[in-house]
Structure formats: structure tokens, C-alpha cells
Number of protein chains: 2
Amino acid sequence: MAKGHVRLADVARAAGVSQGTASNVFSRPDVVREEVRERVLNVARELGYRGPDIKGRLLRAGRVNAIGVAAVEPLTYFFDDPWARSLMTAIGEVCDASGTGIAVVSAMNEERLAWNINSALVDGFILLCVEGGERLVELTRQRQLPFIALALGIEDATIPAIGIDNVSGAAAAARHLLELGHRNIAILSIGDVDGLVGPIAPERVDPEMEATPRDRMHGYWQALAEYGISREAVPIQGTLHDRPSTLTAMAALFSSDTPPTAILAMSDKVALYAIQWLAERGLKVPEDVSIVGFDGVPEAATSLPRLTTVAQPFAEIARRSVTAILENALPKDHEALDLELVVRDSTAPPRSR
Amino acid sequence: MAKGHVRLADVARAAGVSQGTASNVFSRPDVVREEVRERVLNVARELGYRGPDIKGRLLRAGRVNAIGVAAVEPLTYFFDDPWARSLMTAIGEVCDASGTGIAVVSAMNEERLAWNINSALVDGFILLCVEGGERLVELTRQRQLPFIALALGIEDATIPAIGIDNVSGAAAAARHLLELGHRNIAILSIGDVDGLVGPIAPERVDPEMEATPRDRMHGYWQALAEYGISREAVPIQGTLHDRPSTLTAMAALFSSDTPPTAILAMSDKVALYAIQWLAERGLKVPEDVSIVGFDGVPEAATSLPRLTTVAQPFAEIARRSVTAILENALPKDHEALDLELVVRDSTAPPRSR
DNA sequence: TCCGTTTATTGAATCGATTCAACATGTGAA
DNA sequence: TTCACATGTTGAATCGATTCAATAAACGGA
């Protein structure tokens, strides 16, 4: 009492019970006799005691009841980027159900990454590995907390990870356009590699591209091959997954003599930018140009027109990740979940039919 | 060593130094002699010691380096709702600059709210008080950590809060439409009160409406009065700030004999839904109907057409909130920041001119 | 050589709770 | 009356670090 803060020990002494009993009054009220409990609670109130301090509890119990979500991106990424947000929303839903909190941890530079990962007060991590995944995993491993990697481009089977079947998903998207009758199709790729903007030759895909866009590319090619269309016949424009580079890419695609009648975009974000570009030039979707996105972010369902896309099972990914961490039951293998083609209003048969 | 976990004391013993010195090696390396430091670090490496455990450090040092953002909403709200996201993005930016982490804490039901607020490991709270603000503030107060309330509808000057000048902001929006020549204007209000959906009579505004929409309403009325338009002449439709109720409200507004030529929407979210409704009916914005939103969320800048709106100074709000908490320098008074009318493409003179 | 400084290290106290073996007490059955 | 058992309570150990007063060692100046 004298020292500013009232602690459990003070309450215990003032109420004439042991510290153990006082602790029980707050943490396991059912084991202490009602009469004693009331007395302790009254004393606590008089003294202005606010209940057990979490820091002490934490030290002893070791559980925080929160999971950390980390990415090699600024904090704004979690609230900005459609893919990240879709995931966060799904994770939020699962955490809400179990009363778990979420801490977002970011790290742009190496130094801070290490610090942030090490000092986040969480019971485990979900790693968003779109970029810099390798380093992120390594760092998190050192923390010796359960973690699970999402969107990991690394093969290493010792890393618990949940992935998606990008190849079949992409193939489904391409097949959809082909079935509608499109034969003049272009691809809008995504990535963080500066060298991969503008036109990309097929032979550069395997050596230079990151895992996710590479897999999607192969999925596209696979379906195109089924219809006898060779890789070389399909123009690829690389974007940095942002607005400016997408607009540039679109301009390049449509400056051709035979502009595409359909576009395969490797993300909904890019697809949506592409639609904006088309709208500004008076080209109608899907009448003039069809477009298929990727990811299945919520914006795709409310855009104008509503976007046909390949949806990730965000809810399932979130459910598995969170329970894996909370129950410390990490998957042994990499799991790859299926994607689902969601046909909406941005695709139609080509006009020239 | 024997007990699974290696702790600082083990390292100290193995290296033949005191625990104090071992601690310094990690936390204040500059004060220990290089030779000793190296020795300790080597031993630590051999033993597999990962550096100081944050839980112990926390207990002693008491600082977490993270701020909590709380709302009486599900966790998904933080990643879903445009207003919340704008704020979170701005907060993220400030936190990034100072290396601070963010924990989001939610609470739908009373019981869990208390628990979540009490067990969040943070140095302070930013409270999103759009709904249930009063209770949220009360609970947080008990935690005895610095906190600051945003979008608070309560007058109580003892609560540190940052607000915005809703009245002048709304007035500016209305004035903009009036200056363009609109005289037949309708209002789309927002709120969480079930009774306030559908047509709302002006006399119900003061007694029944929450603070934010009420203030905005008065701002609208103020500007309308300047042009000699009485409150009674302006139809108000209440929405629950979601899609279905907005569509219903729009339908009601346009079933009138004299449908409005312009709409004042109390949020960008609602404004965007309204535009969708109009688009589906073939009504063009701004040619057929002008619309002004409120808040200045990023979607408003990229929608089709780009939305004219009254922008909140999110960056400034975030900057002030975060620094107030980090430096424990809470504002004495309620601060009210100015809003800015951002004219874009969703407003034009009425057609019939 | 002696003394005053500076620098590095030690050891013990501390942060604030939880946990658990041991002990009291009360109850019912044999 | 005695024993077994359930129920409450106690006291001390523990979690894993940081901090600080006290001490030791090294150094420089007179």
C-alpha cells in the first residue's frame, strides 16, 4: 500500500489469508470458501486492487493468449493489402471464437525484424511469407515458439506450412477462359523482383520468378497447352503488384496489333487495377475484354463488374493455422489446399464470335 | 541445462560470471569487457541460449513496446471496415516509424471485453469508440494504463480524447452541393440504433441519434439553412451502416415523386453502396445524381466515379494518439481536428439546370 | 608510494503472480 | 470410536530476467 501499487501480497496480508489463497480468489474462485472469498474481495476493493497483474501471471503461466502475425512488410500492409486483409479477417474470425488476441508484427529491415519477432508477446506466429519468407522463418525458428508459414515459396519440409495448389487453381482460371472461346489471352504476372516488369519471355519464368507466380504461370500454361496454345504465343507482362506498374503493363498489352480478348491476372488487386484502366479507355468488361483474377478477396465480389476469380480458402487456412498454433499441433507436412474458381461477371465469350 | 530450457542463470554459471554480468552482456553489451562478453556469448551459443526471455524482462522492466487498439466490435472489424482500416493504416505508419507493435483487441460481449482489455500486453490503448464507447472507456480506465479515445460521443472532459469537427465538416459537404445548384437534397444517415432505419423525422434526431451522426446532421442543416432550406424539406433515410439497409434506403428515396438530385451520405461506405444501387438502375453519378461521402477512406479515391468526400485527418489523428500514449502525454482537453472537403468526380451541377 | 578516479564485476533483492505438497478441518461410514 | 476421504488453506518455491549498491581492479598524478 505504501508503495503506490497494490499487489496480491498486500491484499493477502490485509485480509489475513495466505498469498496462495488470495491468488485462488482471483484465478480459481471456485476452490475457496465463499466467506473467505468475499472477505478477500472486499479488502481488495478497499485497497484499490485491480485484480492480478498480467505480467506476473504471464511469467508464471507462460501463456499470453495471443498469436502474432508477422510479415516482412510495414505494419500498414496488414490493413491495406487485400490479400493480407482477407487472411487477417479470416484469422480474426477464428480468434474471436476462441477469445485469442492478435498482434501484428512487421519488419522492414533485418535488424528490427529480429527484435520484433523476439519481443512480441505471443504464443506463436503465423508467418506471411510472400516476400523474404526464408529469413522470416529462420528468425522465428530461433524464437522457439510454434509457428506456421503461409504462402511459403520454400520446399524445406521441416517448416510447418500451409499452402495452396496454385498450379491447379491457375489452370482452372485459364480453362474457364478457353472454354468461353477465348484464344487470344494475355497474362498479368506479379512479383517483387524489379527485373520482372514489362514483357517477360517464357524462359525467364523458371529461373527468375518467385515460387507463387511461377506456379500460377505453369498452371496457366498447362491449360493453354490442352488447347494447343504454346507458351510463346501468350504475352506475359510483369507487374510489381501495384497500380503504376499494372497500368503500364496494360498499356503495353493493348498497344499491340492484336490486343487480347481476355486477361489472366495473378491477383485480384492487379485485376481490379486492370479493369480501371480499361474503363478509363472506354473498354467494357466483360463485353470487350474478359478478365479473371486470383485470390478471391472480398473486393472482387463487390467491384463493378463483379470479378471472376480463383478463390483461396481463407477461412480454412485461418482455421488450420490458428488451431495448429493454439494446440501446438503443427502439421508434419506441407499441406496444399484446393482453390475454387468463382465465376462472376467479368468473364464472357469473346465479342468477335 | 538439465531442465529443457536454458536460462540466463545457467549461462552465467557455465561461463563463470555473475548473473548480473550475464544480463549485461545481452542488454547493455557496452558495459562489459569485450573478452568477458565474448566468453559469455560463446557459452550461450554452446548451451543453445537464445537471448533474454521477454517474459522475465517484461516483469522487471514493465515496458512492452506495443500499443493496443480496442473496439466493441469483432476482430474482423479492424481489417474489414473502411473507417477502422484507414485509422489502423495511419496508426501502423506511426508505429512503424517508432518500432512499436500493434495488438488489436476486440470484445463483443461484456465479459470478454473486460478480460481482453485486462490481459492485453500493451503499454496503452487507443479506443475506437464508435459504439459502446462509454463502457469501453470505463473498463480501460480500470486497467490504469494510458489511453486515448477516438470518435468518442461522450462529453466527459476527464477522458482524453481526439475528435473531429463533424459539424463544420458536414456543413462544408452540404455547402458544396448547394453551391453547385442542388436544391433537392436527401440525407443518408448512419447508426447502430435499430429504431433509426427508414425515414427519420427531424425532431427525432436530437433525442435518439448517437453523437457522430447527430453532429453531422446539424452541420448539414446549418448549411441548408444558409440557403433557406428548412430541415423538414430534406428527407432523411436512416441506415445501419451496412449494405442491405442502404439499398433499402435508396429505394425509398427514389420511389418519391421528386427524387433527389443529390445525396449527402454520412460515410463513404454508405455512399459507395448508394452508388452501386444507382449504377444497377442505370442512374449515372454525377450526371443524374451527385453524392458526397464522409470520412475520406482510401476506397473513395479509387472508386468509379471517384468519390467527393469530407476527409478525416487520419494521419494526424494517428500521430497524436500514438505519441500521446508512448510518451504518456495525454491531452488535457478534447481536441477537435478539422476535416477537409475533397472534391472529386461524384458531384456536378444538377442536370435540369 | 599513496590516494583519488574510473571501469568492470558481483551478489542479492526485486518484479507479481501461480503452483503444489503438506497440513487442518469436517463429514460420513463402519 | 476410528478411519477414510473430501474440502480448504497455508507457506514456500518458482518463473527469468533487471537493477543497484558494494566491491575489486586498474590507472594516473603528485
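Remember, it's a predicted structure, so these values are computed and weren't measured experimentally.

Here's the deal with the overall build of chain A
Within chain A, the regular secondary structure consists of 15 helices and 13 strands. Against the globule reference of 20 Å for 353 residues, chain A gives a C-alpha radius of gyration of 26 Å, more extended than a compact globule. Judged by the C-alpha coordinates and their principal axes, chain A covers about 90 × 35 × 35 Å. Taking all 353 residues of chain A together, the buried fraction comes to 54%. Considering only residue pairs separated by 6 or more positions, chain A has 69% of its internal contacts joining residues 24 or more positions apart. Of the roughly 15500 Å² that chain A leaves accessible, carbon and sulfur atoms contribute 49%. For chain A, the distance from the average position of its 35 positive side-chain charges to the average position of its 46 negative side-chain charges is 9 Å.

A closer look at helix α15 (residues 314–326) of chain A
Residues and elements named next belong to chain A. Counted at 1.5 Å a residue, the expected span for α15 with its 13 residues is 18 Å, and the 18 Å between its end C-alpha atoms agrees. For α15, the complete set of buried residues consists of Phe314, Ile317, Ala318, Ser321, Val322, Ala324 and Ile325. Summarising the axial view, the buried residues of α15 lie within an arc of 160 degrees, below the 170-degree limit, and thus occupy one face. In this fold, the buried residues of α15 make contact with β1 (66–71), α6 (82–98), β3 (125–128), β4 (147–150), β5 (161–164) and β12 (334–337). Of the residues flanking the end of α15, it is Asn328, one or two places downstream, whose phi is positive at about 50 degrees.

Quick look at the protein's contact with DNA strand C
Inspection of the region around DNA strand C gives 25 residues, with Leu8, Ser23 and Asp53 of chain A together with Val36 and Arg60 of chain B positioned closest. For DNA strand C, the backbone makes up 60% of the atoms found within 4 Å of the protein, where backbone means sugar plus phosphate. In the model, a phosphate oxygen of DNA strand C is placed 2.9 Å from a nitrogen or oxygen of the Arg7 of chain A side chain. The backbone of Gly56 of chain A places a nitrogen or oxygen atom 3.4 Å from a base nitrogen of DNA strand C. At the level of elements, α2 (19–27) and α4 (54–61) of chain A together with α2 (19–27) and α4 (54–61) of chain B are the ones that each hand at least two residues to the surface near DNA strand C. Partitioning the surface near DNA strand C into residue classes produces 8 nonpolar, 10 polar and 7 charged.

Thoughts on the sheet that holds strand β8 (residues 236–238) of chain A
Residues and elements named next belong to chain A. Taken in spatial order, the 5 strands line up as β7-β8-β6-β9-β10 in an open sheet, and their pairing is mixed. Sheet topology places β7 (198–199) and β10 (290–292) at the edges, where each strand pairs with a single neighbour. Pairing between β7 and β8: 2 bridges, direction antiparallel. The residue of β8 that forms the bridge with Pro199 is Gln237. Sitting on the sheet, helix α12 (residues 243–254) is in contact with β6 (185–189), β8 and β9 (262–265), with an inclination near 160 degrees to β6. Along the sheet face, helix α13 (residues 268–280) touches β6, β9 and β10 and points at about 160 degrees away from the line of β10.

Examining the domain arrangement of chain A
Partitioning chain A into structural domains gives domain 1 (8–61), domain 2 (66–164 + 316–337) and domain 3 (166–312). Taking the mean C-alpha position of each, domain 1 of chain A and domain 2 of chain A sit 36 Å from one another.

Description of the interface of chain A and chain B
Size of an interface, as often reported, equals the accessible area lost when the parts are brought together. Every contact between the two is made by 43 residues of chain A and, on the other side, 43 residues of chain B. Taken together, both faces of the contact between chain A and chain B bury some 3900 Å²; the carbon and sulfur share is 61%. Linking chain A with chain B are 0 salt bridges. For the side of chain A that touches chain B, the secondary-structure elements that each account for two or more residues are α4, α5 (77–80), α6, β2 (101–106), α7 (110–119), α8 (133–143) and α13 of chain A.

Notes on the relation of the copies chain A and chain B
Least-squares fitting of chain A to chain B yields an RMSD of 0.2 Å, with the superposition described by an axial translation of 0.0 Å and a rotation of 180 degrees. Expressed as a symmetry operation, the mapping of one chain copy onto the other fits a two-fold axis. Among all residues of chain A, the minimum C-alpha distance to the rotation axis is found for Ala103 of chain A, at 2.0 Å. The fraction of interface residues of chain A whose copies in chain B are also interface residues reaches 100%, indicating that both copies meet through the same surface.

So, the nonpolar core
Where a protein is soluble and globular, its nonpolar side chains tend to be buried together. Grouped together as the largest cluster of nonpolar side chains are 158 residues, with contacts concentrated most on Ile91, Ile126 and Leu128 of chain A together with Ile91, Ile126 and Leu128 of chain B. Discounting residues that sit within four places of it in the chain, Leu128 of chain B has contacts with Val69, Ala70, Ala71, Val72, Tyr77, Phe78, Trp83, Leu87, Leu136 and Leu150 of chain B. Phe147 of chain A together with Leu113, Phe147 and Ala161 of chain B belong to the second-largest nonpolar core, a separate cluster that totals 40 residues.

Some words on the packing of aromatic side chains
All names here are of chain A. Across all of its chains, the model carries 7 aromatic pairs over all chains by this definition. Between the aromatic rings of Phe254 and Trp277, the centroid separation amounts to 5.5 Å while the plane-to-plane angle is 40 degrees, which identifies the pairing as tilted. Here Phe254 is found in helix α12, whereas its partner Trp277 is found in helix α13, with 23 residues between them in sequence. Each member of the pair, Phe254 as well as Trp277, carries the same accessibility label: buried. In this structure, Arg216 is placed above the aromatic ring of Phe294, and the distance from its NZ or CZ to the ring centre is 3.8 Å.

A short note on the packing of helix α9 (residues 166–180) of chain B against helix α11 (residues 211–226) of chain B
Residues and elements named next belong to chain B. The contact between α9 and α11 brings their axes to 7 Å, and the two run at 40 degrees. When the interaxial angle is binned, α9 and α11 end up oblique. Viewed along their axes, α9 and α11 form a crossing whose handedness is right-handed. Contact residues: Asn166, Val167, Ala170, Ala171, Ala173, Ala174, Arg175 and Leu178 in α9; Thr212, Asp215, Arg216, Gly219, Tyr220, Gln222, Ala223, Leu224 and Glu226 in α11.

Points about the packing of helix α1 (residues 8–15) of chain A against α2 of chain A
All names here are of chain A. With their axes 8 Å apart at the nearest point, α1 and α2 run at an angle of 110 degrees to one another. Comparing the axis directions of α1 and α2 gives the class roughly perpendicular. Listed contacts from α2 to Leu8, Ala9 and Ala12 of α1 are Gln19, Ala22, Ser23 and Phe26. Counted by class, the contact of α1 with α2 contains 5 nonpolar, 2 polar and no charged residues.

Brief notes about the pattern of salt bridges
Residues and elements named next belong to chain B. Considering all chains together, one arrives at 28 salt bridges over all chains under this definition. A salt bridge links Asp10 to Arg13; the nearest nitrogen and oxygen atoms lie 3.7 Å apart. Of this pair, Asp10 and Arg13 both sit in helix α1 (residues 8–15), 3 residues apart, roughly one helical turn. For Asp10, a relative accessible area of 7% translates into the label buried.

A look at unusual backbone geometry
Residue Leu304 of chain A is joined to Pro305 of chain A through a cis peptide bond whose omega torsion reads -5 degrees. Its location among the elements puts Pro305 of chain A in the loop between α14 (299–302) and β11 (309–311). Of note, His241 of chain B is a non-glycine position whose phi angle comes to about 65 degrees, a positive value. The residue His241 of chain B is located in the loop between β8 (236–238) and α12 (243–254) in this model. Backbone geometry places Asp295 of chain B, a non-glycine residue, at a positive phi of 120 degrees. Take Asp295 of chain B: it is sitting in the loop between β10 (290–292) and α14 (299–302). Judged by relative accessible area, which is 5%, Asp295 of chain B ranks as buried.

What counts, and where the lines are drawn
- Residues numbered from 1 in each chain as written.
- Chains lettered and ligands numbered in written order.
- Predicted model: local features only at pLDDT ≥ 70, side-chain atom pairs only at ≥ 80, totals over all residues.
- Heavy atoms only, no water.
- Helix = DSSP H or I, 4+ residues; strand = E, 2+ residues; numbered from the N terminus.
- Rg over C-alpha atoms; globule rule 2.2 N^0.38 Å.
- Buried < 20%, exposed > 50% of the residue type's maximum accessible area, 1.4 Å probe, protein only.
- Contact = heavy atoms within 4.5 Å.
- Areas by Shrake-Rupley, 256 points an atom, 1.4 Å probe, with all protein chains shown as cover.
- Lys, Arg positive; Asp, Glu negative; His and termini not counted.
- Charge placed at Lys NZ, Arg CZ, Asp CG, Glu CD.
- Expected span 1.5 Å × (residues − 1).
- Arc of directions from axis to C-beta.
- Near = heavy atom within 4 Å.
- Polar contact = N/O pair within 3.5 Å; in protein donor to acceptor, adjacent residues only side chain to side chain.
- Nonpolar A, V, L, I, M, F, W, Y, C, P; charged D, E, K, R; others polar.
- Pairing = 2+ DSSP bridges.
- Axes fitted to C-alpha atoms, helices over the stretch in contact; angles between N-to-C directions.
- Domains from an automatic or database assignment.
- Buried area = accessible area lost by both parts, 1.4 Å probe.
- Salt bridge = Lys/Arg side-chain N within 4 Å of Asp/Glu carboxyl O.
- Least-squares fit on C-alpha atoms with pLDDT ≥ 70 in both.
- Core = buried A, V, L, I, M, F, W, Y, C linked by side-chain atoms within 4.5 Å.
- Phe/Tyr/Trp six-rings, centres within 6.5 Å; stacked < 30°, edge-to-face > 60°.
- Lys NZ or Arg CZ within 6 Å of the ring centre and 35° of its normal.
- Parallel < 35°, antiparallel > 145°, perpendicular 65-115°, else oblique.
- Left-handed = near helix turned anticlockwise from the far one by under 90°.

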